[in-house]
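# Topology and contacts: notes
Each chain is listed here by its residues.
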Amino acid sequence: MNTDVKTRGHARNTEFRRGLRAALPITLGVAPAGLVLGAQAAQKGLTILEVPLMTGLNFAGGSEFAAIGLWTSPPHILLIAAVTFLVNSRHILMGAALAPLIQHLPRRIAFPALFLMCDESWAMALTDTEQRGAAGMRPGFSLPYYLGISVVFYVTWVIFTTLGGASGPVLGDLRTYGLDMAFPAIFLVLLRGLWKSARGSLPWMISLMAAGLTYKLVPGAWYVVAGALAGLSAAYVLAGKPQ
Amino acid sequence: MTLLAILLMAAVTYTTRIIGYAGLRNRDLSPRALAVMEAAPGCVLISVIAPRFVSNDPADLIALAVTVSAAIRLPMLPTVLIGAGTAALGRHLLG
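Residues numbered from 1 in each chain as written. Chains lettered and ligands numbered in written order. Predicted model: local features only at pLDDT ≥ 70, side-chain atom pairs only at ≥ 80, totals over all residues. Heavy atoms only, no water.

### Focus on the overall build of chain B
Here is the rule we go by: A run of H or I in DSSP counts as a helix once it spans at least four residues, and a run of E counts as a strand once it spans at least two, with each numbered from the N terminus. Note on method: radius of gyration uses C-alpha positions; expected globular size equals 2.2 Å times residues raised to 0.38. For each residue, the accessible area found with a 1.4 Å probe, counting protein chains only, is set against the maximum for its type, and the residue is called buried under 20%, exposed over 50%, and partly exposed in between. The method behind every accessible area is Shrake-Rupley, applied with a 1.4 Å probe, and residues are considered shielded solely by the protein chains displayed.
The helix and strand tally for chain B stands at four helices and zero strands. Starting at the N terminus and walking to the C terminus, you meet the elements of chain B as α-α-α-α. The globule rule puts the C-alpha radius of gyration for 95 residues at 12 Å, and the 19 Å found for chain B is more than 25% above it. In terms of overall dimensions, chain B has C-alpha extents of about 55 × 45 × 25 Å along its principal axes. Across the 95 residues in chain B, those meeting the buried criterion constitute 45%. Split by element, the accessible area of chain B, about 4500 Å² in all, is 69% carbon and sulfur.

Next comes the structure, spelled out in structure tokens:
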């Protein structure tokens, strides 16, 4: 019994460290984005305490960029809340996709764990669950692996947005170093991991076209919602057709 | 006001994180619903980066094309470095 507990504790540590290692390369994209966001927030008048308060409590970069872009003094609270919901509405789909995989977790663990769910941790945990599941491991979802990833992202995000807030005006344009390309690079590698077949990825292409078109035609963050809905509709229609 | 805006943002964001899970937990999903769920991750990820694909900047489009071909073959870190490197180089030469 005692050994069993020890072994499981050891396995948990190993899984947690596996998450930490998997997340490290991605901080290369997260850190410069955090610096940029912090610098922009400082320019809009947020204090050195308000920057980590926002990024630490919200922990959703896309909505923070959108909110800072719209920030006035005093801020339009309802506008910011609505935009935050719009940009983060993808979390609803993400949480729904995750639900069957974390059904075995008690609610007192699942609810706090979901606070840390972001695009990267979610996609990486989902890919990992599939690989572990295919290797016959039950449950496929590894909570310590997910938490390892999340800790790296959370700490990196809060530290670098704070640094950006502190050193904002001194910092040059990070685009000069091409660091803004890190985000699409990360997302594309994650997509490669989720790829199953050309047919299975057809909805992605529909999403890409719908989101690109919406971005060109409609101001604001609607393109995320439009792209996701178009792709999901395509998946729904395709699922009804014979293979 | 700033504090209120930050707290409201946090509440809205946490709500989006839990309602998909809380609303769909312990439910049997149809094969069709599962197919939609399966497509969801890719659809959302690609929608978030879609603006890059319709950029007007040739340097950004070239860098994106290089990044896509790197992402197909290489692990995370080299892909990120190649993406950032080609974007910086392209902007230096074309910008």
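That was the structure; now back to the text.
### Observations concerning the packing of aromatic side chains
Test applied: Only Phe, Tyr and Trp rings take part, Trp by its six-membered ring, and two of them pair if their centres are within 6.5 Å. Stacked means planes under 30 degrees apart, edge-to-face means over 60, and tilted covers everything else.
This structure, assessed with the given rule, holds seven aromatic pairs over all chains. Ring centres 5.7 Å apart and planes at 50° place the aromatic pair Phe141 of chain A and Tyr146 of chain A in the tilted group. With relative accessibility at 5%, the residue Phe141 of chain A sits in the buried group. Within the aromatic cluster, the residues linked to one another by ring pairs are Phe59, Phe115 and Tyr154 of chain A together with Tyr14 of chain B.

### With respect to the interface of chain B and chain A
Cut-off, in case you're wondering: Contact criterion: two residues are considered in contact whenever any of their non-hydrogen atoms come within 4.5 Å of each other. Defined here as a combined quantity, buried area equals the accessible surface (1.4 Å probe) lost by two parts on assembly, summed across both. Should a side-chain nitrogen of Lys or Arg be within 4 Å of a carboxyl oxygen of Asp or Glu, the pair is scored as a salt bridge. In this classification, Asp, Glu, Lys and Arg are treated as charged, Ala, Val, Leu, Ile, Met, Phe, Trp, Tyr, Cys and Pro as nonpolar, and every other residue, Gly included, as polar.
Taken together, the contact pairs 67 residues of chain B with 85 residues of chain A. Between chain B and chain A, a total of about 6700 Å² is buried, with carbon and sulfur atoms accounting for 76% of that surface. Of all residues in chain B, Met9, Arg17 and Tyr21 of chain B give up the largest surface area on contact with chain A, accounting jointly for 12% of the area buried on that side. Remark: the boundary between chain B and chain A carries zero salt bridges. At the level of secondary structure, the elements contributing two or more residues to the side of chain B that touches chain A comprise α1 (2–24), α2 (31–53), α3 (58–73) and α4 (76–94) of chain B. For the side of chain B that touches chain A, a count of residues per class yields 46 nonpolar, 11 polar and 10 charged.

### Section: unusual backbone geometry
Residue and element names in this part refer to chain A. At the junction of Ser73 and Pro74, the peptide bond is cis and its omega measures out at -5° in the coordinates. Of note, Pro74 is situated in the loop between α4 (61–70) and α5 (77–88). Of note, the amide linkage connecting Arg138 to Pro139 takes the cis form, showing an omega dihedral of -5°. For Pro139, the location among the structural elements is in the loop between α8 (119–134) and α9 (143–167).

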